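Survey of secondary and tertiary structure
Chain by chain, the residues:
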Amino acid sequence: MSRLLTNRIAKLEAKHKVAANRIVGVIGGEYGRLIPDPDKPGYLKFSEPPGGFDAWALQQQTELQSELSRLLAEDAPQASRPNNVGTPNSLAPLPKGKKRPRYIEMNGVEVDALALREN
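All of the points below concern the structure found in this document. (Residues numbered from 1 in each chain as written. Predicted model: local features only at pLDDT ≥ 70, side-chain atom pairs only at ≥ 80, totals over all residues. Heavy atoms only, no water.)

The next subject is the overall build of the protein chain. When its secondary structure is counted, the protein chain shows three helices and four strands. In sequence order, the secondary structure elements of the protein chain are arranged as α-β-β-α-β-β-α. Buried positions account for 6% of the 119 residues belonging to the protein chain. Restricting to contacts in the protein chain with at least 6 residues of sequence separation, those with at least 24 account for 6%. When the accessible surface of the protein chain is split by element, carbon and sulfur atoms take 58% of a total near 11,400 Å². (Helix = DSSP H or I, 4+ residues; strand = E, 2+ residues; numbered from the N terminus. Buried < 20%, exposed > 50% of the residue type's maximum accessible area, 1.4 Å probe, protein only. Contact = heavy atoms within 4.5 Å. Areas by Shrake-Rupley, 256 points an atom, 1.4 Å probe, with all protein chains shown as cover.)

Here it is as structure tokens:
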């Protein structure tokens, strides 16, 4: 029994040593720490980036959106997108030879689909 336990402990220690250098996550950061409030002596406030948190978040969001736009432009050419994407009030294309039903049932009520398309 002691040999099995010794082997198990050795395996767990080896696993711990391998995972010791792995970064799991970052807690805290440059902003968000409590600092003395210069406007109110004796009070604490959270530290904020220059220009305030709103300006910092807007800049971060802009950078992320530009990076996402760049990645999407590289991955998907415009021709591969369906023709109804991005156009308001358009219905999905039907397969060849199939007609769209005039009346559909929604929540137990029969609705005129033609009237929905005209609105």
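There's more to say after this.
Tallied over the full model, the rule gives one salt bridge. For Glu67, the salt bridge goes to Arg70, with nearest N and O atoms at 2.5 Å. In this pair, Glu67 and Arg70 both sit in helix 2 (residues 52-75), three residues apart, roughly one turn of the helix. Residue classification places Arg70 among the partly exposed positions, given a relative accessible area of 38%. (Salt bridge = Lys/Arg side-chain N within 4 Å of Asp/Glu carboxyl O.)

Glancing now at the packing of aromatic side chains. Applying the stated criterion to the full structure yields zero aromatic pairs. Looking at Lys40, its charged tip hangs above the ring of Tyr43, at a distance of 5.8 Å from the centre. (Phe/Tyr/Trp six-rings, centres within 6.5 Å; stacked < 30°, edge-to-face > 60°. Lys NZ or Arg CZ within 6 Å of the ring centre and 35° of its normal.)

Let's shift gears to the pairing of strand 4 (residues 109-112). Bridge count for strand 3 (residues 103-106) against strand 4 is four bridges, and the pairing is antiparallel. Residue pairing for strand 4: Tyr103 is matched across the bridge by Asp112. Between the end of strand 3 and the start of strand 4, which pair antiparallel, lie two residues, with Asn107 showing a positive phi angle near 55°. (Pairing = 2+ DSSP bridges.)

On the surface, Leu34, Leu44 and Phe46 cluster together into a nonpolar patch covering about 340 Å² of accessible area. Mapping Leu44 onto the fold places it in strand 2 (residues 44-46). (Patch = residues over 30% accessible without salt bridge, like charges linked within 9 Å, V, L, I, M, F, W, Y side chains within 5 Å.)

A separate point is helix 1 (residues 2-19). An α-helix turns once every 3.6 residues. As a result, residues three or four positions apart point the same way. The end-to-end C-alpha distance of helix 1, which contains 18 residues, comes to 26 Å, matching closely the 26 Å that a straight helix rising 1.5 Å per residue would cover. Across the 18 residues of helix 1, zero count as buried, placing the element largely on the outside. (Expected span 1.5 Å × (residues − 1).)

Note on placement: Asp37 falls in the loop between strand 1 (34-36) and strand 2. One buried charged side chain, Asp37, makes no salt bridge at all; its nearest oppositely charged neighbour is Lys45, positioned 4.5 Å away. Setting aside chain neighbours within four positions, we find Asp37 in contact with Tyr43, Leu44 and Lys45. (Lys, Arg positive; Asp, Glu negative; His and termini not counted.)

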